[in-house]
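Structural overview for review
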Amino acid sequence: MKRNMRRALKSLVVVAGIAASFWLGAAMIGCGRSSTDTAPSAREEKAPQVYTCAMHPQIRQAKPGKCPICGMDLVPATQKAETNRTER
Ligand SMILES: [Zn+2]
């Protein structure tokens, strides 16, 4: 009887250890994913706003104003929006 109990306890400890290692690994992976997910959005928020002309993407200014080429109002541009505009 006692031997059986010890065996059961040992197997329980082993299973618990494996489960704990799996849980730790999952937690580590989850943390890595969440940090990488939040990094790009934080970058976009912190990135300095660039204003560009809808007609002339090469125009880039740190402040809103008017395009020196066509005189249109400069629009705030992110890298993603810029690629969309050039495609259209
Ligand atoms: Zn322009």
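Scroll up to find the structure.
Below: a short report on this structure. (Residues numbered from 1 in each chain as written. Predicted model: local features only at pLDDT ≥ 70, side-chain atom pairs only at ≥ 80, totals over all residues. Heavy atoms only, no water.)

Here we come to the coordination of the zinc ion. Within the protein, the zinc ion binds to Cys53 (SG), His56 (ND1), Cys67 (SG) and Cys70 (SG); these donor distances fall in the range 1.9 to 2.4 Å. In this structure, the zinc ion is surrounded by four donor atoms whose angles at the metal cover 101 to 118°, and the resulting shape is tetrahedral. (Donors = N, O, S within 2.8 Å, 3.2 Å for Na, K, Ca; no water. Tetrahedral: all angles 85-135°; square planar, octahedral: opposite > 155°, others 65-115°.)

What follows concerns the nonpolar core. Tyr51, Cys53, Ile59, Cys67 and Leu74 form the largest nonpolar core, which has five residues in total. Beyond its immediate chain neighbours, meaning those up to four positions away, Ile59 contacts Tyr51, Thr52, Cys53, Cys67, Pro68, Ile69 and Leu74. (Core = buried A, V, L, I, M, F, W, Y, C linked by side-chain atoms within 4.5 Å. Buried < 20%, exposed > 50% of the residue type's maximum accessible area, 1.4 Å probe, protein only. Contact = heavy atoms within 4.5 Å.)

All right, on to the environment of Lys63 then. Here Lys63 shows up in the loop between strand E2 (60-61) and strand E3 (75-77). Sequence separation between Lys63 and Tyr51 is twelve residues, and the spatial gap between their C-alpha atoms is 6.4 Å. Sequence-distant contacts of Lys63, that is, excluding residues within four places in its chain, are made with Tyr51 and Leu74. (Helix = DSSP H or I, 4+ residues; strand = E, 2+ residues; numbered from the N terminus.)

This next bit is on the sheet that holds E2. Ordered by their spatial adjacency, three strands build an open sheet running E2-E1-E3, and the pairing between neighbours is antiparallel. Lying at the two open borders of the sheet, with one neighbouring strand each, are E2 and E3. Examined bridge by bridge, strand E1 (residues 50-52) and E3 share three bridges and lie antiparallel to one another. Looking at E3, one finds that Thr52 is bridged to Val75. (Pairing = 2+ DSSP bridges.)

Shape descriptors only; they carry no functional weight alone.
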